Each structure stands twice: as structure tokens, then as C-alpha cells.
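Chain residues, written in single-letter form:
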Amino acid sequence: MTSLVSHHPTTSIPSVTSDVPTGLWIGGRSVPASGGKTFNVLDPATETLLARVADAAPADALSALDKAAAVADDWAATAPRVRSEILQDTFRLISERVDELAVLMTMELGRALPDSLAEARYGAEFLRWFAEEAVRIEGRITKSPSGNGRILVSHQPVGACLAITPWNFPLAMGTRKIAPALAAGNVMIVKPASETPLTMLALASAFAEAGLPPGVLSVLPTTSAQEVSSALIEDERIRKISFTGSTPVGRALIGQAAERVQRTSMELGGNAPFIVFADADLDAAVDGAVAAKMRNGGEACTAANRFLVHDSVAAEFTDELVERLRVMRSGPGYEATTTLGPLVSRIQRDNVADFVNRAVNAGGRVRLGGEVPKGIGYYYPATVVDNVPADADITREEIFGPVAVISTFDTEEQAITAANATEYGLAAYFFSRDLDRCMRVAEKLDAGMVGVNRGVISDVAAPFGGVKQSGLGREGGREGIHEYLTTKYIALGG
């Protein structure tokens, strides 16, 4: 283990009190990569070095899998109550360290500290939720209708799992996959995003401190994501792949998994519509819009991407949204006055800027922001663009930044048609005070999750996932643990 390389004394960064592992996490401890390679993790606010992290190679992946396979049977046979208590102890450790973990996430991801605090608490809750689910994996026994015996149905661990997590929620995307896998009795290898590996390594260390046996969980930071992942997927011992990330990468992983008929869960891209009907409470709608768009600086798969506003209220809604976003203060995420931190990388910042420039070239009008600020750091301001044509790139792709794109509609049918006119189907939002409309529209929106009169929908007790090109399977809720279980039928004679 080693501490962070730099604490940037010119800024008001709270101290990170515990050491942060920077090696690969294999066999319950931090170890160097087999080739001794490392890669740099940068602070998006200052573009300076935070840490040098071990860079896994395919040989390291197979070493982790060897250790996982060696303990898989013992972990599967471990009493559910014991598995539950380890998850509960990890939950307590993470809960005690939310401030510290929030600072760590902000340092490597860039976002404002309140968003990191919210994720630290949210991510910890998956540990508690699935600790409780570990002792509630139920089967059934019934008499056969033919009368010739009994039908016994049980659920067993699916086998060794590979989780590939994104950079935008480095803790919660880990706990949302690791907790159900371990609760169900599986071993797991995690490949975190290279932009934000430190949080996942800190989580692995907490699991070990809580008593998780060595080998049950491994973490492999790497800049060779495809090679490391392929080495694992091509091994018959991996039986389950869980991925959160872009749709193109998800499609490729599904293709690889198909060759060995491996189970997959895919939480992929989103293009969430946010509909404001004429009868909406506009103050509540603006509050919801700010939450749905600006949470995590817009770097969320559930972020509102397209604002569809009824003609009669479009001007008022847009004016109020502009004023709410105008007061957001950009700066290093760990400074107390910051409400909008930098984006995670230069590439991400440039992608967002390009989307806005193309929208303007297509006829869109910038009402706020819209220009990359000068100076260091991967900053992009809160931006509002209206009069955007329906076929503009910015309405069809995932922005992943603090940019609100506003279009108008006349009828409910037009709004629903526009909302569903995308290959994605992860989340959707709308505001209306008409109860009949709320039920009617919620059923017609082609999305796995719908927020009605609310801008934040994530909940550990609810199933998270999408339809169409937004993925397969569900995470969280009662459904989450079944992604890591296989069903066995036993025919009992007599």
C-alpha cells in the first residue's frame, strides 16, 4: 500500500487519512503487476499526478482466476449467515469512512464533493441490502401434478464472475455488482476503469478487513482492458460477466460471452428524455431537471439527455432552468464552494464541447455556457441549448456532461413519440399533475426505469436496468441477486 502521491497544497483538499492500495488486489492483498508496469491516475481539476497504480496484464488476470477457482467451492459452501455478516461488516466500515471515500472519489473523478458523499452513502447501502438478501435465497418444494413424486427447486451460485465497472460511479458500481455476487456464494474478479481505480482498491481492502477470505475478490486495474478482459472471458471457469459501460463495448462482450454461453448482465448507454407537460408544477419540474441533469456533473447513464417541454410552458421553464444553472460554481470538486467540478478527462470534456458545437451548427441556440474555459483542468460550464432540431447528434447520443438540450412539443402523443425515438431505453422522466396521464405515459415510455415527478430514481431496493440497446438484466432490488444464481430442479421420486 502507498499513500496518494500529491495532495496539492495550494487547494483546500481534506486529508485522506488511510493508505490507499495502488497494487493489484489478488489473494487478499495488494501486489505489483507481473511486469512491474504502472499507470498514472490524474486529478481532473489540476491535471497533476494523484497516484501510480499497478497495470495488470493477462497473466495477472489468470493468476487472480486461479486463486478465485481455488476458493470457489469453499465460499459457495460458506453458510449464508456468515456471508451476510461479512457484507454487514464491510457496510459498517464503508459507512464509517464515507467522508474519506468521498474525498478519494472526488480527487480521481473530479466531481463536486456533495455528489461523492451521496455516492458513498448510496454505494454502502448495496452492501447492507444484499447482506440481508444472502439469507433469503429461497427455493420451493411441491407435489408433482401427476402424483409420481415431488418437485424440488433450489438456487445455487452461478460460478466465477467477472465485473467490469465504469469510472463515473467508482464505488456504487462496484458494490452493486460485488455485493449480490458474494451474497449468492460466487467469487468475483473486478476490472475497474483506469480513470478511477483507487476507490475500487480501497473497497477491496475494506472487504479484506471485514474478513472476506483471500481469493474471493480480486481487483485488476489496467490500461489493457480488452486484453485482460478477453483472457478471463476466454477461460471456461468464468461463468458470468457483468458490465456497465458503452453500448458498443457491451455488444462486443455479449458476442464473446456467446461463444462459451456465459451469463451476462449489461447496463449500457442511455438517452433519457425529460418531459414537462403543460400541467406540470414548474417549480418542481425545474428542481427535478437540475437533479436529473446535474447530478454527477451530468456524467451519469441516467442523466436527462433531452428536455421535451410543452410549447405553452417552454419559455418559462427554460428561463428558470437557465437561472438555476447560472449560479453553479465551477472549481475543484473538493473545495467547499464548488457545485460543479471538472469532467473526468480531457477526452470527455472535448466530446461534450463537440456535441454543443455541432448542435449550434445545426441551428441550436446557446442560452447559457457553451464554451470551454481557459486554464488547467477538464472543466465545462453548465450549459443550456434550445431550439435544437430533433435530428441533431446531441439529441441522439449520450452527452455525459452538464448540458441541457431543450425542444418543444404540442401534444402528449408527440412527446411520447419523441421520447421513444431512440435506440436506448434506460431511464425516462416526466412531470405532470394529472394522475391519469401519469399512469398512461409511464406505461407508454419505452424505458426500464421511469421517474414520475422526480428527478432522481436510483434506489438500492429497486431493479436498475434498461431495455433495447440499454442492456440486459437488472441490478439492485430483489431481482439483483438472481443475476448471480442458477436454478436447479431435482425430481424426487416416491
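Scroll up to find the structure this text is about.
Residues numbered from 1 in each chain as written. Predicted model: local features only at pLDDT ≥ 70, side-chain atom pairs only at ≥ 80, totals over all residues. Heavy atoms only, no water.

So what exactly am I meant to see when it comes to the overall build of the protein chain here?
Secondary structure summary: the protein chain contains 14 helices and 22 strands in total. With the C-alpha coordinates aligned to their principal axes, the bounding extent of the protein chain is approximately 70 × 65 × 40 Å. Contacts spanning at least 24 positions in sequence make up 72% of the contacts within the protein chain whose residues lie at least 6 apart. Accessible surface, the protein chain: about 19300 Å² in total, of which carbon and sulfur atoms supply 51%. Across the protein chain, the mean location of the 46 positive side-chain charges is 5 Å away from that of the 59 negative side-chain charges. (Helix = DSSP H or I, 4+ residues; strand = E, 2+ residues; numbered from the N terminus. Contact = heavy atoms within 4.5 Å. Areas by Shrake-Rupley, 256 points an atom, 1.4 Å probe, with all protein chains shown as cover. Lys, Arg positive; Asp, Glu negative; His and termini not counted. Charge placed at Lys NZ, Arg CZ, Asp CG, Glu CD.)

Would you take a moment to explain the nonpolar core for this structure?
The tendency in soluble globular proteins is for nonpolar side chains to be buried side by side. Counting residues in hydrophobic clusters, the biggest one holds 92 residues, and the most contacted among them are Ile178, Leu182, Met188, Phe207 and Leu220. Looking at which element gives the most residues to this core, the answer is helix α4 (residues 113-133), with 10 residues. The contact partners of leucine 220, leaving out residues within four places of it in the chain, are Leu24, Ile26, Ala56, Asp60, Ala61, Ala64, Ile189, Val190, Lys191, Pro192, Val228 and Leu232. (Core = buried A, V, L, I, M, F, W, Y, C linked by side-chain atoms within 4.5 Å. Buried < 20%, exposed > 50% of the residue type's maximum accessible area, 1.4 Å probe, protein only.)

Looking at this structure, I do not really get the side chain of threonine 247. What am I missing?
Assignment of secondary structure puts threonine 247 in helix α8 (residues 247-259). At 2.9 Å, the side chain of threonine 247 and the backbone oxygen of glutamine 469 are in polar contact. When sequence neighbours within four positions are dropped, the list of residues in contact with threonine 247 reads Leu268, Gly269, Tyr424 and Gln469. (Polar contact = N/O pair within 3.5 Å; in protein donor to acceptor, adjacent residues only side chain to side chain.)

Which parts of the structure should I look at to understand the pattern of salt bridges?
Side-chain pairs of opposite charge can arise whenever the charged atoms involved come near each other. Counted according to the given criterion, the structure contains 27 salt bridges. Arginine 326 is paired through a salt bridge with glutamate 323; the nearest N and O atoms lie 3.1 Å apart. Linking arginine 326 with glutamate 323, this pair stays in helix α10 (residues 311-326), spanning three residues, or about one helical turn. Shared partners join several salt bridges into a network, and the residues in it are Arg176, Lys177, Glu267 and Glu475. (Salt bridge = Lys/Arg side-chain N within 4 Å of Asp/Glu carboxyl O.)

Would you mind going over the packing of aromatic side chains with me for this structure?
Here a ring pair, both rings aromatic, is described through the centre-centre distance and the interplanar angle of the planes. Using the criterion set out here, one finds eight aromatic pairs in the structure. Cluster of aromatic residues (ring-pair linked, three or more members): Phe274, Phe307, Phe317, Tyr429 and Phe431. Across from the ring centre of phenylalanine 464, 3.9 Å away, lies the NZ or CZ of arginine 176, which sits over that ring. A cation over an aromatic ring shows up here: arginine 437 above the ring of phenylalanine 277, its NZ or CZ 4.5 Å from the ring centre. (Phe/Tyr/Trp six-rings, centres within 6.5 Å; stacked < 30°, edge-to-face > 60°. Lys NZ or Arg CZ within 6 Å of the ring centre and 35° of its normal.)

Function cannot be read off these values alone, since they describe shape.
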